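This is what each chain is made of:
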Amino acid sequence: MSPGPLMIIGGAEDKLRGRAILREFVAASGGADARIVVVPTASALGPEVVEVYDALFRREGAGEVLAVRPETRADAQDPELVRVLDSATGIFMTGGNQLKLSAIISGTPLGDAVVAAHERGAVVAGTSAGASIQSSHMVAFGGPGATPKQRMTQVAAGLGLLPSTVIDQHFDQRNRYGRLLMIVSQSPQLLGIGVDEDTAAVVEHVTEADGSEHEILSVLGRGAVTIFDPADIVTNAYEASRSAPLLASNVVLHVLPEGSSFDLATRRLVPPRPQVESSVAAELAAAGRDLRQQARDIAADDASPQSLRRRLARNRRTPDPLAASEDGVTS
């Protein structure tokens, strides 16, 4: 069985109007057959955070919404809580303090249950803190700024749902370019992914015709997903002094708006499919039919090229009989 989708939401997702991201999560979780488990451990809010998401998910047609809220690592080892996740079709981790979320669930039976749910095909989504913890390495805390500086941020372990990555959220809105660049400068094996608010990076496993498997990241929402690929970086991160600006040269930058797709295996943009207007498509289809008819006529040797040209011209001049009158009856 292929792993389920990951929905990495940059925070502040629309909850009032279109709710496109939350609607997509519910649909991917099974809609009316969905069994969604909300994990609000990162949040400083009380039961109201669960009530909000319960109402939102049910409004979008979810069949069942439950909550699992461990507050200590001992809670995260409770078999009763773990069993709730075992039958989930969708798991949603709320925003808040990502270091708290990681400290409580990473490396526990409950954290393992989230990973197992993903591997058996459930959708795992998270917003803000719930987005950061999905990567193998996670921003624990750090300040804003566009320039990467030594010791600008700290890194903790995530759940590893998306290996060899580090994810940051509220990316453009809180100017977190520098701290993500600092991390990939210090750890060039990681792909840096920054997700804007009300934006989701949706990662799905795709099997090609040749049997090769790829993780394809697609973008949904009103912002963008920014990717730093440091595979060929030139940096002085290993010798820069405390708080000094870092050299970060030859980092490949990708800024992906809604509708973009990116292959995480090859680290390349997936070319968009060409969009053809309906009127142009109709003309192309008609031309194709004409060519096929000519080929049949020539093969049957029942028409000269001149008569074929005359027939084609006559067909193009002939009006649509259904358009001859408003009621569709020809005169």
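Below is a summary of the structure that appears in this document. Along each chain, the written sequence defines residue order, and numbers are assigned to residues from 1. Thresholds applied to this predicted model are a pLDDT of at least 70 for local features of residues and 80 or more for the giving and counting of side-chain atom pairs; totals over whole chains, interfaces and linings are not thresholded and use all residues. Each side-chain value is derived from all of the structure's non-hydrogen atoms; neither hydrogens nor water enter the calculation.

Focus on the sheet that holds strand β12 (residues 224–229)
Stage number 1. With mixed pairing, the six strands of this open sheet are ordered in space as β7-β6-β8-β9-β12-β15. The open sheet has two free edges, formed respectively by β7 (153–157) and β15 (252–257), since each of these has just one partner strand. If you compare each strand with its neighbour and ignore which way they point, the axes differ by 25° on average.
Stage number 2. Relative to β7, strand β6 (residues 135–142) runs antiparallel, the two being bridged by five bridges. Paired with histidine 137 across the strands is alanine 157, a residue of β7.
Stage number 3. Whether two residues are in contact is decided by their heavy atoms, any of which lying within 4.5 Å being enough. Angles shown run from 0 to 180 degrees and are taken between the N-to-C directions of axes, each axis being a line fitted to C-alpha atoms and, for helices, limited to the stretch in contact. Helix and strand assignments come from DSSP, with helices taken as H or I runs of at least 4 residues and strands as E runs of at least 2, each series counted from the N terminus. Where helix α4 (residues 98–105) meets the sheet, its contacts fall on β6, β7 and β8 (162–169), and the angle it forms with β6 comes to roughly 135°. In this scheme, strands are said to pair when DSSP sees at least two bridges between them.

Some points on the pairing of β8
Stage number 1. Most of β8 sits inside the fold, with six of its eight residues counted as buried.
Stage number 2. Where β6 lies against β8, three bridges are found, and the strand directions are parallel. Residue pairing across strands places serine 135 opposite leucine 162, the latter belonging to β8.
Stage number 3. Following the chain from β8 across helix α7 (residues 177–186) to the adjacent parallel strand β9 (residues 191–195), one finds a crossover that is right-handed. Buried residues are those whose accessible area, probed at 1.4 Å on protein chains only, stays under 20% of the maximum for their type, while exposed residues exceed 50% and partly exposed ones sit between those limits. By definition, the crossover connecting two strands over a helix is right-handed if that path, from the first strand to the second, turns clockwise as seen with the strands pointing away from the viewer.

Structural notes on the packing of aromatic side chains
Stage number 1. Any Phe, Tyr or Trp ring, taking Trp's six-membered ring, that has another such ring centre within 6.5 Å forms a pair; planes under 30 degrees apart are called stacked, those over 60 apart edge-to-face, and the others tilted. Within this structure, the stated rule accounts for seven aromatic pairs.
Stage number 2. A centroid spacing of 5.3 Å and a plane angle of 70° characterise the contact between phenylalanine 57 and phenylalanine 92, whose relative ring orientation is edge-to-face. Of this pair, phenylalanine 57 sits in helix α2 (residues 47–59) while phenylalanine 92 sits in strand β4 (residues 90–93), and the two are 35 residues apart along the sequence.
Stage number 3. Relative accessible area serves as the criterion here: at 0%, phenylalanine 92 is assigned to the buried category.
Stage number 4. Centre to centre, the rings of phenylalanine 171 and tyrosine 177 are 4.6 Å apart; their planes meet at 55°, and the pair counts as tilted.
Stage number 5. The exposure class assigned to phenylalanine 171 is buried, which follows from its relative accessible area of 0%.
Stage number 6. For tyrosine 177, a relative accessible area of 25% gives the class partly exposed.
Stage number 7. Members of the aromatic cluster, connected to one another through ring pairs, are Phe25, Tyr53, Phe57 and Phe92.

Overview of the packing of helix α1 (residues 20–29) against α2
Stage number 1. Viewed as axis vectors pointing N to C, α1 and α2 meet at an angle of 70°, and their least axial separation amounts to 9 Å. With respect to α2, the element α1 is oriented roughly perpendicular. Where α1 abuts α2, its residues Leu22, Phe25 and Val26 lie against Tyr53, Leu56 and Phe57.
Stage number 2. Only Asp, Glu, Lys and Arg are considered charged, only Ala, Val, Leu, Ile, Met, Phe, Trp, Tyr, Cys and Pro nonpolar, and every remaining residue, Gly among them, polar. Its residues assigned to classes, the contact of α1 with α2 shows six nonpolar, no polar and no charged. Throughout, the term roughly parallel applies to angles under 35 degrees, roughly antiparallel to angles over 145, roughly perpendicular to angles from 65 to 115, and oblique to all others.

Overview of the nonpolar core
Inside soluble globular proteins, nonpolar side chains tend to come together where they are buried.
Stage number 1. Here, nonpolar core means buried Ala, Val, Leu, Ile, Met, Phe, Trp, Tyr and Cys residues that are tied together by side-chain atoms lying within 4.5 Å of each other. Counting residues in hydrophobic clusters, the biggest one holds 43 residues, and the most contacted among them are Ile8, Met93, Ile105, Leu162, Ile193, Leu217 and Val225.
Stage number 2. Per-element accounting of this core gives the leading share, four residues, to helix α5 (residues 109–119).
Stage number 3. In this structure, leucine 217 is in contact with Ile193, Ala201, Val202, Val203, Val225, Leu256, Ser260, Ser261, Phe262 and Leu264, ignoring residues within four places of it in sequence.
Stage number 4. The next biggest cluster of nonpolar side chains, apart from the first, holds 22 residues, and it includes Leu56, Val123, Ala125 and Leu220.

So, α1
Stage number 1. Those residues of α1 lying buried are Ile21, Leu22, Phe25, Val26 and Ser29. Buried residues of α1 fall within an arc of 135° about the axis and therefore sit on the same side.
Stage number 2. Two residues or fewer after α1 comes glycine 30, characterised by a positive phi angle close to 120°. The arc refers to the directions leading from the helix axis to the C-beta atoms.

Section: the environment of valine 219
Stage number 1. With respect to the helices and strands, valine 219 occurs in strand β11 (residues 213–221).
Stage number 2. Accessibility expressed as a relative area gives 6% for valine 219, which makes it buried.
Stage number 3. If near-sequence neighbours (up to four positions away) are discounted, valine 219 is found in contact with Thr199, Ala200, Val225, Leu256, Pro257, Glu258, Gly259 and Ser260.

Some details on the sheet that holds β11
Stage number 1. Across the sheet, which stays open at both edges, the nine strands sit in the order β3-β2-β4-β5-β1-β10-β11-β16-β17 with mixed pairing between neighbours. Edge positions in the sheet fall to β3 (64–67) and β17 (268–269), since each has one partner strand and no second.
Stage number 2. As paired strands, strand β1 (residues 6–9) and strand β10 (residues 199–207) are joined by four bridges and run antiparallel to one another. Note that in β10 the partner of methionine 7 across the bridge is valine 202.
Stage number 3. In the packing of α2 onto the sheet, the strands contacted are β2 (35–39), β3, β4 and β5 (123–127), and the crossing angle to β3 comes to about 165°.

Notes on the pattern of salt bridges
Stage number 1. By convention in these notes, a salt bridge is any Lys or Arg side-chain nitrogen within 4 Å of a carboxyl oxygen on Asp or Glu. All told, the structure shown has twelve salt bridges when counted by the stated rule.
Stage number 2. Where arginine 179 meets aspartate 168, a salt bridge forms, and the shortest distance between an N and an O atom there is 2.6 Å. Here arginine 179, found in helix α7, pairs with aspartate 168, found in strand β8; they are eleven residues apart in sequence, far enough to count as distant.
Stage number 3. Among the residues examined, aspartate 168 registers a relative accessible area of 0% and is labelled buried.
Stage number 4. In this structure, aspartate 229 and arginine 267 form a salt bridge, with 2.7 Å as the shortest nitrogen-oxygen distance. One end of the pair, aspartate 229, is in strand β12; the other, arginine 267, is in the loop between β16 (261–263) and β17, with 38 residues separating them in the sequence.
Stage number 5. The exposure class of arginine 267 is partly exposed, given its relative accessible area of 22%.

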